[in-house]
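Examination of the molecular architecture
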Amino acid sequence: MSPTVTTSSEANGNVSSATARAAAAAAEEATGPQAITMAKALNTALADAMEADPSVLVFGEDVGLLGGVFRITDGLTRTFGQQRCFDTPLAESGIVGMAVGMAMNGMRPVVEMQFDAFAYPAFQQIVSHVAKMHNRTKGALKLPMVIRVPYAGGIGGVEHHCDSSESYYAHTAGLKVFTPATVADAYRMLREAIDSDDPVMFMEPKKLYWSKDMVDLADLRTQHAANTAAGTSSEGRAAVARPGTDATLIAYGPSVPTALAAAAAAAQEGRSLEVIDVRSIVPFDDETVCASVRKTGRAVVIAEAHGFASVSSEIVARVQERCFHYLAAPIRRVTGFDIPYPAPKLEHYYLPGVDRILDAVDDLQWEN
């Protein structure tokens, strides 16, 4: 359901805002599949979750009337009021700390860390309280909260505005870490994150906010309702983004489109590359990833983050432990370089690209 502007008549009680939103949703559903952006999918997921559950609220820096730096929260304050979607002081530790208290007392807060590196002042709160509260209280307290983090590069952001911080959170026991790469997954995974009784770090690839795909929002809502009723979800499951037989490209978040582009280029050279979209970093889907590697016998892991002590390192270790006797060559990695994130004009040298991926594939000890 897209957020709608509350009219003066609605404010006076002549027409309820819920009725207006229901009418907008019905009109939207009647259109069927439509080309929407990831930003729109995330915005719709937030609105649908807020409509379905009054305990869901959204807050952070500039998320209210401005609608967020990337407009992900556009219209939510107008639709649900300032009690449900509101701006906070520029204090990330305070934002997360307040969310912890709310989650402990029956709310489901969804907070936004305006940019990836802006979240670091809240790191102590995330590691010491968000991740540990359930364990510390022997299960008596749950923390159903979502921390949205626009992350990674590809937008030409200046210092502190582009960083790949997923490894910090993945290393922290007690946190789930999701990162969508498609428009449909953005909606599906954010709804599931908000439904979760455990805290979720929801990593949103900034450069994919404006990517478009044909999506039927009504169908996604129906799927979500059915999964909720059945107690099932896609949480923790990877996806085969492109089938192949010769080697496996394992990627997540912003690197998935790059891996797909590399697979398409390889196909022109006669190589069939399978692409796995990890989707959920924590929990991790060993079954899907390893089934692909056992089939192809070769693998390349792709990520924008630094390679040293990273999520990509963990993926290589897990695959090697489970697929050693199936491997025809050592697993390769294509990652960001082990340097601070570069200036905007230099980031294209830093980010994994098609050529670097194909070079890694060529290095997989093929027989002549």
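Starting from 1, residues in each chain are numbered consecutively following that chain's sequence as written. The predicted origin of the model limits local features to residues at a pLDDT of at least 70 and limits the giving and counting of side-chain atom pairs to 80 or more, whereas totals for whole chains, interfaces and linings rest on all residues. Only heavy atoms go into the side-chain values, all of them from the structure, while hydrogens and water stay out.

**Overview of the nonpolar core**
By nonpolar core we mean a set of buried residues, namely Ala, Val, Leu, Ile, Met, Phe, Trp, Tyr and Cys, connected to one another through side-chain atoms within 4.5 Å. Type-normalised accessible area, obtained with a 1.4 Å probe on protein chains alone, sets the label of each residue: buried when under 20%, exposed when over 50%, and partly exposed for intermediate values. Counting 46 residues, the largest nonpolar core has V96, M113, M145, I147, M201, I250 and I315 as the members making the most contacts within it. For the purposes of this entry, the term helix denotes a DSSP run of H or I that reaches at least four residues, the term strand denotes a run of E that reaches at least two, and both are numbered from the N terminus. Where this core is concerned, the elements lending two or more residues are β2 (56-60), α5 (92-104), α6 (123-130), β5 (146-151), β7 (200-205), α12 (286-296), β13 (299-306) and α13 (311-323). Once you skip the residues sitting within four places of it in the chain, M201 turns out to touch I126, I147, V149, Y169, L175, K176, V177 and F178. Note on contacts: a residue pair qualifies if any of its non-hydrogen atoms lie within 4.5 Å across the two residues.

**Focus: the sheet that holds β2**
Two strands qualify as a pair provided DSSP detects at least 2 bridges between them. With mixed pairing, 7 strands are arranged side by side in an open sheet as β3-β2-β4-β5-β7-β6-β12. Since the sheet does not close on itself, it has two edges, and those belong to β3 (85-87) and β12 (280-282), each with one partner. Strand-to-strand, the axes of this sheet are offset by a mean angle of 20 degrees, without reference to chain direction. Where strand β4 (residues 108-112) and β5 come together, 3 bridges link them in parallel fashion. Looking at the pairing, E112 lines up with R148 of β5. Structural elements are reduced to axes, namely lines fitted to C-alpha atoms, with helices fitted over the stretch in contact, and the angle between N-to-C directions of any two is expressed from 0 to 180 degrees.

**Describing the pattern of salt bridges**
Close approach of charged atoms lets side chains of opposite charge pair. Any carboxyl oxygen of Asp or Glu within 4 Å of a side-chain nitrogen of Lys or Arg constitutes a salt bridge here. Scanning the model with the defined rule gives 22 salt bridges in all. When the shortest N-O distance is used, the salt bridge between D74 and R78 registers 3.9 Å. For D74, a relative accessible area of 35% translates into the label partly exposed. Accessibility expressed as a relative area gives 35% for R78, which makes it partly exposed. Ionic pairing is found between R237 and E287, a salt bridge with its closest N-O pair at 3.7 Å. Placement of R237 in the loop between α10 (217-230) and β9 (239-242) and of E287 in helix α12 is noted, with a sequence separation of 50 residues between them. For R237, a relative accessible area of 35% gives the class partly exposed. Residue class for E287 comes out exposed when judged on its relative accessible area of 55%. Overlapping salt bridges, with partners in common, bring together D286, E314, R318, E321 and R322 in one network.

**Observations concerning α5**
Residue count minus one, scaled by 1.5 Å, sets the expected span of a helix. With 13 residues, α5 should reach 18 Å at 1.5 Å per residue; the first-to-last C-alpha distance of 18 Å fits that figure. Burial in α5 covers these residues: E92, I95, V96, A99, V100 and A103. Angular distribution of buried residues about the axis of α5 spans 135 degrees; they occupy a single face of the element. Contacts from the buried residues of α5 go to β2, β4, α6, α7 (133-136) and β5. G106 sits one or two positions beyond α5 and adopts a positive phi of about 95 degrees. Summarising the geometry, the arc corresponds to the directions from the helix axis toward the C-beta atoms.

**Focus on the packing of aromatic side chains**
Each aromatic ring pair is summarised here by two numbers: the centre-to-centre distance and the angle between the ring planes. Centre distance within 6.5 Å is the pairing criterion for rings of Phe, Tyr and Trp, where only the six-membered ring of Trp is used; planes under 30 degrees apart are then read as stacked, over 60 as edge-to-face, and the remainder as tilted. Evaluation of the coordinates by the stated rule reveals 11 aromatic pairs. Ring geometry for F70 and Y209: centres 4.9 Å apart, planes at 45 degrees, overall tilted. Residue F70 is located in the loop between β2 and α4 (76-80), and its partner Y209 is located in the loop between β7 and β8 (212-215); the two are separated by 139 residues in the primary sequence. Grouping residues by exposure puts F70 and Y209 together as buried. For the ring pair F123 and Y168, a centre distance of 6.0 Å and an interplane angle of 75 degrees mean the geometry is edge-to-face. Taken as a pair, F123 in helix α6 and Y168 in helix α8 (residues 166-170) lie far apart in primary sequence, 45 residues in all.

Honestly, that's just the spatial picture; any functional story needs more than this.
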